[in-house]
Amino acid sequence: MAEDYLQLDDVRVSFDGFVALAGVDLTVLQSDLRFLIGPNGAGKTTLIDAITGLTASTGLIDFSGNRLDGRRVAQIARLGVGRTFQTASLFEELTVLQHLDIAAGSARRPLSLLRRRRGLPSELGEVLELIGLTDRAATPAGVLPHGEKRWLEIGMLLAQRSRLLLLDEPVAGMSAAEKERTGALLQRIAEDRSVIIVEHDMDFMRAYAKSVSVLARGRVLAEGTVAEVQANPEVQQAYLGTPIPEPVEGPEPVEGPDQVLAGREA
Ligand code: ADP
Ligand code: MG
């Protein structure tokens, strides 16, 4: 089977004349764990919105030979592109397994939907195992700790058979232990899929990024390994005067750009 790829060519988005994306070129190959960073307002979320069909754009967006631009959100999801949002998007009352079941339903063929279900489909068992929530299958999502909620959202993308996962600030508000488990989970997922993560947590990026794209004012400013991007003077310039990571919930103090980009060791 051919390898997956995502290719963006001159992708532009405007909101009432305000240019949020000013011509983005981006290529992400299968098994990449790509971090998308950039100052607040750079267009990171808009880029994910454009890829997933939530925001109209111009230019080319191709996933493994299928044009995504111009398609509807549900069609793009069926082509194997899934995303999570900056804020949690779960049903408080539904259990972990019910969430996975609903997500899987959108990927299941009509014929298998008609078949009587006996027990847990092995596919969902594997997803539960992967996201570490096997013991939580019957727990309502509303009472899960923060980290487990985010893992369930990722699990839903796996249940709907996403080949490319787009995650918007997945570790915001997580404890150090939760971040570590999330990093390990994303590495497992990226073994045979592609992952793009918008993230402000530079320590997390350093620990888990396979590659990095830096977005500033709607353009890709730099791309490469963590070391390459950190050494890039233009990247340092783009962050000057901008507090990164952005203040998020949680006990960690906000770091200044100097420490962050100089590769301060904890
Ligand atoms: P990031 O995720 O990098 O912080 P966004 O993609 O959310 O940035 O936003 C990029 C720019 O586009 C910001 O200046 C933001 O205010 C603007 N923007 C985003 N969504 C809309 C919208 N729906 N209408 C108008 N402006 C928007
Ligand atoms: Mg954003």
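See the structure above.
Residues numbered from 1 in each chain as written. Chains lettered and ligands numbered in written order. Predicted model: local features only at pLDDT ≥ 70, side-chain atom pairs only at ≥ 80, totals over all residues. Heavy atoms only, no water.

(A) Structural view of the site of ligand 1. In the region of ligand 1, the neighbouring residues are F15, F18, A20, N40, G41, A42, G43, K44, T45 and T46. Separating an oxygen atom of ligand 1 from a side-chain N or O atom of N40 is a distance of 3.3 Å. Here an oxygen atom of ligand 1 sits 3.2 Å away from a polar atom, N or O, in the main chain of A42. In isolation ligand 1 offers 560 Å² of accessible surface; the protein chains occlude 59% of this area. Of all the secondary structure elements, the ones that give two or more residues to the shell around ligand 1 are strand 2 (18–29) and helix 1 (44–51). Among the elements that line the shell around ligand 1, the one with the most residues is helix 1, at three residues. For the shell around ligand 1, a count of residues per class yields four nonpolar, five polar and one charged. (Near = heavy atom within 4 Å. Polar contact = N/O pair within 3.5 Å; in protein donor to acceptor, adjacent residues only side chain to side chain. Areas by Shrake-Rupley, 256 points an atom, 1.4 Å probe, with all protein chains shown as cover. Helix = DSSP H or I, 4+ residues; strand = E, 2+ residues; numbered from the N terminus. Nonpolar A, V, L, I, M, F, W, Y, C, P; charged D, E, K, R; others polar.)

(B) Focus on the pairing of strand 8 (residues 194–198). Of all five residues making up strand 8, five are buried, and the element is well covered by its neighbours. Of the two faces of strand 8, the one holding S194, I196 and V198 and the one holding V195 and I197 are both buried throughout. Bridging between strand 3 (residues 33–37) and strand 8 involves four bridges; their strand directions are parallel. Each bridged residue has a counterpart across the sheet, and for L33 the counterpart in strand 8 is V195. (Buried < 20%, exposed > 50% of the residue type's maximum accessible area, 1.4 Å probe, protein only. Pairing = 2+ DSSP bridges.)

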